Amino acid sequence: MVVTPYKGGWHCFVAPGLVGLGVLLSLAGCMTPERADRQASEAGTRLATAYWQAQTGRTNTFDVTRPADALTLRLALTAIARGEENVVFPEIPNVSGLMDNDVWRLPLADALNVAARNDRQYQRLKEDVFRAALDLDSQRFLFETSFTGLLLGLLSGNSEAADTLTGNAGAGFSRQLENGATIAGQLALDVVRLLRSDWHSLGITGDLSMSIPLLRGSGRKVVREPLTQAERNLMYAIRRFEHYRQTYAVAVASGYFGVLEYAQRLKNAQDNEKRLILNSERAEMMYEEERKEMGLIEVSQARSDLLAANEGVVAMRRTYEERLDTFKLTIGLPPESRIELDNLEFETLQQEIEAAAQEGTGGERMFPDEPDACAIALRQRMDLSIVYDSLGDAERGLSVAADALRADVALTGSARAGQTGTSESSSFSGTESWGAGLRMDLPWNRRRERNAYKRQLIAIEQAKRDVEEKEDAIKAAVRNGLRKLAAAEASYKIQVAALGVAELRVASNTLFMELGRSTMRDMLEAQSTLLQAQNNLCNAVIGWRISELELRRDMGVLAISETGVWEPMEAYVEDNG
């Protein structure tokens, strides 16, 4: 719509056909939010999947969306905790945990799967991968041909002049080549028509221009550097995600077994409490029969230890519940969730550790010697590969900074053609022209570029130190892991022997008490030793398994499946010898 002045006031003149055409073309060129979301999702998923499969060897599609059951699971668990009835519990793929009296029993594999689907940091790192994929897509677009278009129609007039209809249409393209050259073209169409006569004119104009850098900004590596860095950033995001998956799986397993350990400690404390109740009753019975001063002392000793045991049960139950709540947060569940871990996992672990200790197949024997283990870690650790490649990024950045110090010299060329025709002429007439030149901007002032070059030199030295620091930290972690695993195996064997001695001591003192050859203090000390031995053995069993997982994580060989569960140790031994 165009508003033109008129002697008697203001009048609006609208060209319905041109306006309608312009509106249709504008709508066709607009992108709705839904369409933008769909196309961006397709592009990000395509790139993320391609690079993810190349980095990890997987064949499935990278999915950035948070599982729909993550929220419904939280809602269901919260509703159950409030005591609501007829709560619909979501079906979670690959999770077989069962509800028993509104308590969700979770085996270890299910806990790992639920954790992978609910952890917030897990989801954030997936989104970082997707954002990096979108950044790469944007960088690739810069090297694609882009098009522009314009359509404009005007109708104007007054009482003294004929109404005039004018139309302008234009289309253009531009392209950035990987050698630094840029090509741009423009085609324009102009139409003029007097509505109160038969006069009209038509003009067509075409322009083409090109610029080719000769020094600064002319190298393919320099021009492609933003694209190369975008590709690197996507690989780094994937590696960070995969490294987090390994670290997180170990954290979940450590938390899971930590809860089971305190559940076992609580059971041991309750069993000890029952034994002390029998001791206290026995002491009181003996005192009632003999009424000796020594018997009163033994009654006091038994009662004192029983009270301490009562306090120990209360404290252990509180610690167990705190550990359970902490674990719920670790796997992304609300703390009020009513869940229970499967104690069968601890019993199975005990059997595996016992078999490994007897057969001599566990511990350090599952891993290479220290030099080979360190060499594997330096090859496999994804976080170290990021540091290695970051040094390469800094070195490329130095090349870009050096290129910026050069003169800005470019060849330029242009061509123009125009044709015009009117109703008075039966043919078009026009002109053609072309030009070529040399654009030069000598490096009279390169202070910012000079300082950027020096900063990049410093960045390279920092990157080298980062590599040294990371390598040393990884080798130290592997060395410490091997020692820790050896100590865990030795500790397990010691605690097995200690438990046997403690059980024999309790049995002996029980027999001697019946024969009158042992005191209540001897019995109480034996039972206290038994409780400590039971707890130490429980800690040693879990410590052995966690030490194995941590060493595999530190070596970078803890392969995690899509459900968040690690592959068996046998697979690593077979693949790596």
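Along each chain, residues carry numbers from 1 onward, in the same order as the chain's sequence is written. Where local features are concerned, this predicted model is filtered to residues with pLDDT of at least 70; where side-chain atom pairs are given and counted, the filter is 80 or more; whole-chain, interface and lining totals use all residues. Remark: hydrogens and water are excluded; side-chain values derive from all non-hydrogen atoms of the structure.

### So, the overall build of the protein chain
Then comes step 1: Counting its regular elements, the protein chain contains 14 helices and 11 strands.
Then comes step 2: When accessible area is computed with a 1.4 Å probe and restricted to protein chains, residues below 20% of their type maximum are described as buried, those above 50% as exposed, and intermediate ones as partly exposed. Out of the 577 residues belonging to the protein chain, those deemed buried represent 38%.
Then comes step 3: It only takes one pair of heavy atoms within 4.5 Å for two residues to be counted as in contact. Within the protein chain, counting contacts between residues at least 6 apart in sequence, those at least 24 apart form 73% of the total.
Then comes step 4: Working definition of accessibility: Shrake-Rupley area with a 1.4 Å probe, residue cover restricted to the visible protein chains. Accessible surface, the protein chain as shown: approximately 32,100 Å² in total, 55% of it carbon and sulfur. Only runs of H or I of at least four residues qualify as helices and only runs of E of at least two qualify as strands under DSSP, and these elements are numbered from the N terminus.

### A look at the pattern of salt bridges
Then comes step 1: By convention in these notes, a salt bridge is any Lys or Arg side-chain nitrogen within 4 Å of a carboxyl oxygen on Asp or Glu. The final tally for this structure, using the stated rule, is 32 salt bridges.
Then comes step 2: Among the ionic pairs, Arg58 bridges to Glu562, the shortest N-O distance being 2.7 Å. Separated by 504 residues along the polypeptide, Arg58 in the loop between α2 (33–56) and α3 (69–81) and Glu562 in the loop between α13 (520–555) and α14 (569–576) bring together distant segments of the chain.
Then comes step 3: Judged by its relative accessible area of 41%, Glu562 falls in the partly exposed class.
Then comes step 4: Between Glu449 and Arg216 there is a salt bridge; the shortest N-O distance is 3.3 Å.

### Re the environment of Ala132
Then comes step 1: With respect to the element layout, Ala132 can be found in helix α5 (residues 120–141).
Then comes step 2: For the pair Ala132 and Ala48, spaced 84 residues apart in sequence, the C-alpha separation works out to 8.2 Å.

### Notes on the side chain of Gln246
Then comes step 1: Structurally, Gln246 can be placed in helix α7 (residues 225–290).
Then comes step 2: With near-sequence residues (within four places) excluded, Gln246 lies in contact with Arg553, Gly556, Leu558 and Ile560.

### Considerations on the environment of Ser211
Then comes step 1: Relative to the helices and strands, Ser211 resides in strand β8 (residues 200–213).
Then comes step 2: A sequence separation of 198 residues divides Ser211 from Val409, and the C-alpha atoms of the two residues are 10.0 Å apart.
Then comes step 3: If we skip the residues at most four places from it in the chain, Ser211 touches Gly180, Ala181, Thr182, Ala410, Leu411, Thr412 and Arg439.

### Focus: the packing of helix α9 (residues 344–359) against α13
Between two packed helices, what matters for the description is the angle formed by their axes and the separation of those axes.
Then comes step 1: Look at α9 against α13: their axes get within 10 Å of each other, and the N-to-C directions meet at 75°. With respect to α13, the axis of α9 lies roughly perpendicular. Between α9 and α13, the residues in contact are Phe346, Leu349, Gln350, Glu352, Ile353 and Ala357 and Cys538, Val541, Ile542, Trp544 and Arg545, respectively.
Then comes step 2: Residue composition of the contact of α9 with α13, by class: eight nonpolar, one polar and two charged. Only the contacting stretch of a helix is used when fitting its axis, a line to C-alpha atoms as for every element, and angles between N-to-C directions run 0 to 180 degrees. Angle categories are assigned with fixed cut-offs, so that under 35 degrees is roughly parallel, over 145 is roughly antiparallel, 65 to 115 is roughly perpendicular, and the rest are oblique. Here the nonpolar group is Ala, Val, Leu, Ile, Met, Phe, Trp, Tyr, Cys and Pro; Asp, Glu, Lys and Arg are the charged ones; every other residue, Gly included, is treated as polar.

### Quick word on the pairing of strand β4 (residues 103–106)
Regular strands have side chains that alternate between both faces of the sheet.
Then comes step 1: As judged from the three bridges shared by strand β3 (residues 98–100) and β4, these two strands associate in the antiparallel manner. Within the sheet, the bridge partner assigned to Leu98 lies in β4 and is Arg105.
Then comes step 2: For two strands to count as paired, DSSP must find a minimum of two bridges between them. In this structure, the hairpin formed by β3 and β4 is closed by a connection of two residues, where Asn101 is found at a positive phi of approximately 55°.
Then comes step 3: Here three bridges tie β4 to strand β9 (residues 339–341), and the two strands are oriented parallel to one another. Along β9, the bridge assignment pairs Leu106 with Leu341.

### Re the environment of Lys126
Then comes step 1: Relative to the elements of secondary structure, Lys126 occurs in helix α5.
Then comes step 2: For Lys126, the residues in contact, after removing those within four places along its chain, are Phe62, Asp63, Val64, Thr65 and Phe241.
Then comes step 3: Throughout this description, a polar contact denotes any pair of N or O atoms lying within 3.5 Å of each other; where both atoms belong to protein, one of them has to be capable of donating a hydrogen while the other can accept it, and for residues adjacent in sequence the pair is counted only when both atoms sit in side chains. From its side chain, Lys126 meets the backbone oxygen of Asp63 in a polar contact 2.9 Å long.

### Quick notes on α3
Then comes step 1: Residue count minus one, scaled by 1.5 Å, sets the expected span of a helix. Here α3 is 13 residues long and its end C-alpha atoms lie 18 Å apart, about the 18 Å a rise of 1.5 Å per residue gives.
Then comes step 2: Within the span of α3, buried status applies to Asp69, Ala70, Leu73, Ala76, Leu77, Thr78, Ala79 and Ile80.
Then comes step 3: On its buried side, α3 packs onto β3, β4 and α4 (108–118).
Then comes step 4: Gly83 occupies a position one or two residues after α3 and carries a positive phi of about 90°.

### Side note on the sheet that holds β4
Then comes step 1: Sheet architecture is open: three strands sit in the order β3-β4-β9, paired in mixed fashion. Looking along the sheet, the strands with just one partner apiece sit at the ends: β3 and β9. Taking each pair of neighbouring strands and ignoring which way they run, the sheet shows an average axis angle of 35°.

### A few points about unusual backbone geometry
Then comes step 1: A positive phi angle is found at Asn86, which is not glycine, with a value near 55°.
Then comes step 2: Checked against the element boundaries, Asn86 lands in the loop between α3 and β3.
Then comes step 3: Of the residues examined, Asn86 reaches a relative accessible area of 75% and is grouped as exposed.
Then comes step 4: Located in the positive-phi region is Asn94, a residue other than glycine, with phi close to 65°.

### Comments concerning the confidence of the model for the protein chain
Then comes step 1: The share of residues in the protein chain with pLDDT of 70 or more is 89%, and the mean pLDDT across the chain is 85.
Then comes step 2: Within the model, the stretch residues 1–19 combines pLDDT values under 50 with 29 contacts to residues more than four positions away or in other chains.
Then comes step 3: A score from 0 to 100, pLDDT tells how confident the predictor is in each residue. For residues 571–575, every residue scores under 50 in pLDDT, and the model assigns this stretch nine contacts once sequence neighbours within four places are set aside.

### Things to note about α13
Helical periodicity: at 3.6 residues per turn, an α-helix aligns residues three or four positions apart in one direction.
Then comes step 1: Given a rise of 1.5 Å per residue, 36 residues ought to cover 52 Å, and the 52 Å separating the end C-alpha atoms of α13 matches this to within 8%.
Then comes step 2: Most of α13 sits out of view: 26 of its 36 residues are buried.
Then comes step 3: In the segment just after α13, Gly556 is the residue with positive phi, at about 80°.

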